[in-house]
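# Structural overview for review
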Amino acid sequence: NAGVMQNPRHLVRRRGQEARLRCSPMKGHSHVYWYRQLPEEGLKFMVYLQKENIIDESGMPKERFSAEFPKEGPSILRIQQVVRGDSAAYFCASSPAPGQGAFRPIDGYTFGSGTRLTVV
Amino acid sequence: KQEVTQIPAALSVPEGENLVLNCSFTDSAIYNLQWFRQDPGKGLTSLLLIQSSQREQTSGRLNASLDKSSGRSTLYIAASQPGDSATYLCAVFTGTASKLTFGTGTRLQVTL
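We now turn to the structure provided with this report. Since this is a predicted model, take the numbers as computed values, not measurements. (Residues numbered from 1 in each chain as written. Chains lettered and ligands numbered in written order. Predicted model: local features only at pLDDT ≥ 70, side-chain atom pairs only at ≥ 80, totals over all residues. Heavy atoms only, no water.)

Turning our eyes to something else, we now look at the overall build of chain A. A count of helices and strands for chain A gives 0 helices and 11 strands. Along chain A, helices (α) and strands (β) appear in the sequence β-β-β-β-β-β-β-β-β-β-β when read from the amino end. A burial count over chain A gives 45% of its 120 residues as buried. Looking at chain A alone, contacts between residues at least 24 apart form 56% of all its contacts between residues at least 6 apart. (Helix = DSSP H or I, 4+ residues; strand = E, 2+ residues; numbered from the N terminus. Buried < 20%, exposed > 50% of the residue type's maximum accessible area, 1.4 Å probe, protein only. Contact = heavy atoms within 4.5 Å.)

All names here are of chain B. Overall, the coordinates contain 5 salt bridges over all chains when judged by the stated rule. Two residues, D84 and R61, come together in a salt bridge whose shortest N-O distance is 2.8 Å. Remark: R61 occurs in the loop between β6 (56–59) and β7 (62–67) and D84 occurs in the loop between β8 (72–77) and β9 (86–94); sequence separation between them is 23 residues. Overall, D84 belongs to the buried group, its relative accessible area being 7%. (Salt bridge = Lys/Arg side-chain N within 4 Å of Asp/Glu carboxyl O.)

Next up on the list: the pairing of strand β11 (residues 106–111) of chain B. Residues and elements named next belong to chain B. Only one face of β11 is covered, namely the one carrying T106, L108 and V110; the face carrying R107, Q109 and T111 has none of its residues buried. Direction of pairing for β9 relative to β11: antiparallel, over a ladder of 3 bridges. Bridge assignment links Y88 to a residue of β11, and that residue is T106. (Pairing = 2+ DSSP bridges.)

Let us look at the nonpolar core. F25(B), L33(B), W35(B), L75(B), I77(B), Y88(B) and L108(B) are the most contacted members of the largest nonpolar core, which totals 23 residues. When residues of this core are traced back to their parent elements, those giving at least two are β3 (19–25), β4 (30–38), β5 (44–51), β7, β8, β9 and β11 of chain B. If near-sequence neighbours (up to four positions away) are discounted, L75(B) is found in contact with L19(B), V20(B), L21(B), W35(B), L47(B), L48(B), L62(B), N63(B), A64(B) and Y88(B). L21(A), L49(A), F69(A) and Y90(A) belong to the second largest nonpolar core, which has 22 residues in total. (Core = buried A, V, L, I, M, F, W, Y, C linked by side-chain atoms within 4.5 Å.)

What follows is the structure in structure tokens.
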């Protein structure tokens, strides 16, 4: 297992197009987290998902952004009608199922290499 | 709301020096704290993970300490090398919120 896989590594979209970012978690990991890193800023949480379930989407912009983690296949972060301000690096992380009933990754996070989205 | 601050924002040291990076957080009710390294245009590499019950963790030339009650962590790098040049990020996981809160990082440059 090569770890958390994200694709594409680089994505260029024109304003108004849709961007689809994919994340395959590490083998055995059932929890996926998306973070966004704007230029010269720190990483900001966007959304936390389990298979077929959104746990926490408090960091997602209210419009144009959506995320899913289907029963089969990778997690998808979808941005509709992209604007220049969406240009950023989008990182995905995965963790094992939490223990003791609470959503707390005891083994820490493993991050993918990110997708760098450029909107022109 | 958890806030994480890292100082200094940037640091330049000559090769061979020992150095300390600082991280502070406002909500001491954390579950764990993780230090990452990020190279320009690259992803994040996990360096050290400290559970809330631990005081420190060591890996090679790296040592991270945690003082949960005062809301502080330090990352100590011994005998720095040019290959250590990167941005170092501190992140805390707060049990009541299912996410990591990151600091803005310290950009380290180790010169020959």
